[in-house]
Amino acid sequence: MTKSMTGFGLSKSISKQSDAYVEIKGVNHKFLDISLKSNDLNNELEEYIRNSVSKKIVRGRVEIKVKFNAESKISYSINSNLLKKFEKSLRKHIKFSDALQFRDIKDVPGIFNSEVVYKVNYNLIKKVFNKAMDEFVQSRIEEGIKIKKVILKKVKRIELINSKISNINNKNFKKRTELYKEKVMLITSSIDESRMEQEVAVLALKHDVREEIDRINFHTDLLKKELEKKACSGKKIDFILQELFREANTLSVKLDDPHLKNHALDVKLLIEEMREQAQNVE
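Let me begin by describing the structure that accompanies this report. Since the structure is predicted, the reported quantities are computational estimates derived from the model, not experimental observations.

**Side note on the packing of aromatic side chains**
One pass over the full model with this rule turns up one aromatic pair. Ring geometry for Tyr 48 and Phe 129: centres 6.3 Å apart, planes at 70°, overall edge-to-face. Here Tyr 48, found in helix 1 (residues 43-56), pairs with Phe 129, found in helix 4 (residues 122-187); they are 81 residues apart in sequence, far enough to count as distant. Residue Phe 129 is classed as buried on the basis of its relative accessible area of 1%. Cation over ring: Lys 126 sits above Tyr 48, and NZ or CZ is 4.7 Å from the ring centre.

**Observations regarding the packing of helix 7 (residues 234-254) against helix 8 (residues 258-278)**
Here helix 7 crosses helix 8 at 165°, and the two axes come no closer than 9 Å. As far as their axial angle goes, helix 8 and helix 7 are roughly antiparallel. Helix 7 and helix 8 meet at a crossing whose hand is left-handed. Along the contact surface, helix 7 presents Ile 237, Asp 238, Leu 241, Gln 242, Leu 244, Phe 245, Ala 248, Asn 249, Leu 251, Ser 252 and Val 253, while helix 8 presents Lys 261, Ala 264, Leu 265, Val 267, Lys 268, Ile 271, Glu 272, Met 274, Arg 275 and Ala 278. Residue classes in the contact of helix 7 with helix 8 are distributed as 13 nonpolar, three polar and five charged.

**Points about the nonpolar core**
In this structure, Leu 223 and Met 274 are the most contacted members of the largest nonpolar core, which totals 27 residues. Where this core is concerned, the elements lending two or more residues are helix 4, helix 6 (210-228), helix 7 and helix 8. No other element matches the seven residues that helix 8 contributes to this core. In terms of nonpolar packing, the next biggest core, distinct from the first, is built from 23 residues, Val 22, Val 53, Leu 124 and Ile 141 among them.

Rules of the game
Residues numbered from 1 in each chain as written. Predicted model: local features only at pLDDT ≥ 70, side-chain atom pairs only at ≥ 80, totals over all residues. Heavy atoms only, no water. Phe/Tyr/Trp six-rings, centres within 6.5 Å; stacked < 30°, edge-to-face > 60°. Helix = DSSP H or I, 4+ residues; strand = E, 2+ residues; numbered from the N terminus. Buried < 20%, exposed > 50% of the residue type's maximum accessible area, 1.4 Å probe, protein only. Lys NZ or Arg CZ within 6 Å of the ring centre and 35° of its normal. Axes fitted to C-alpha atoms, helices over the stretch in contact; angles between N-to-C directions. Parallel < 35°, antiparallel > 145°, perpendicular 65-115°, else oblique. Left-handed = near helix turned anticlockwise from the far one by under 90°. Contact = heavy atoms within 4.5 Å. Nonpolar A, V, L, I, M, F, W, Y, C, P; charged D, E, K, R; others polar. Core = buried A, V, L, I, M, F, W, Y, C linked by side-chain atoms within 4.5 Å.

What follows is the structure in structure tokens.
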């Protein structure tokens, strides 16, 4: 299956107790690069997210944003020991017979303590993340299907052009051989005929591109097989296209017919267009 490295996934949950928001974006990269941004995640949840991405994504830069609001509770406590010390010190230095009132101690530092406790719903965050991740993976698959169609369309055009070049080249090879024979015969009539056949064949083979045509067909078949694989590799596709371009370049150099040379240039252009598409394959 051909998967794109670009994709997008979004999920959120809003309730009275807590909110969660997860956004995932994917862009091209040579390797797997995970960028995680959040207001506050514990180590266990961060490791869960990174492991989940690593299991489903092979290549590309994955940017993950996690935002959440946790339920908060305020707890109050009184420092009894400090209160006793304060009361003892107060009665020691000041004539104070009445019982201490709240107004007497409310501003004394350290006696009254308040603490805000945040209760984070990590299960909710995991649920929202998994939903966003599923959407992200699906978007990469859908984009990969589009890329596959574009590449296969260009492969088909290359095969058609290659077939035209092959047919015309075979005819030209025979014509060129006969032409060389005639030229040699005009120059001399005393040359050994078998030797002449050899020399003519050598001259004709300089412009014979049957080997390059066969190699181009081999690489296009290999490319189609790779695109149909369940675990399609963008790196391997890029390598095949490099080899394909090398053969197309040799083909262009060896051809002397202007019409055929234009066909070869069209093949090179199609390969370059495919390489641009392949840069986005996982």
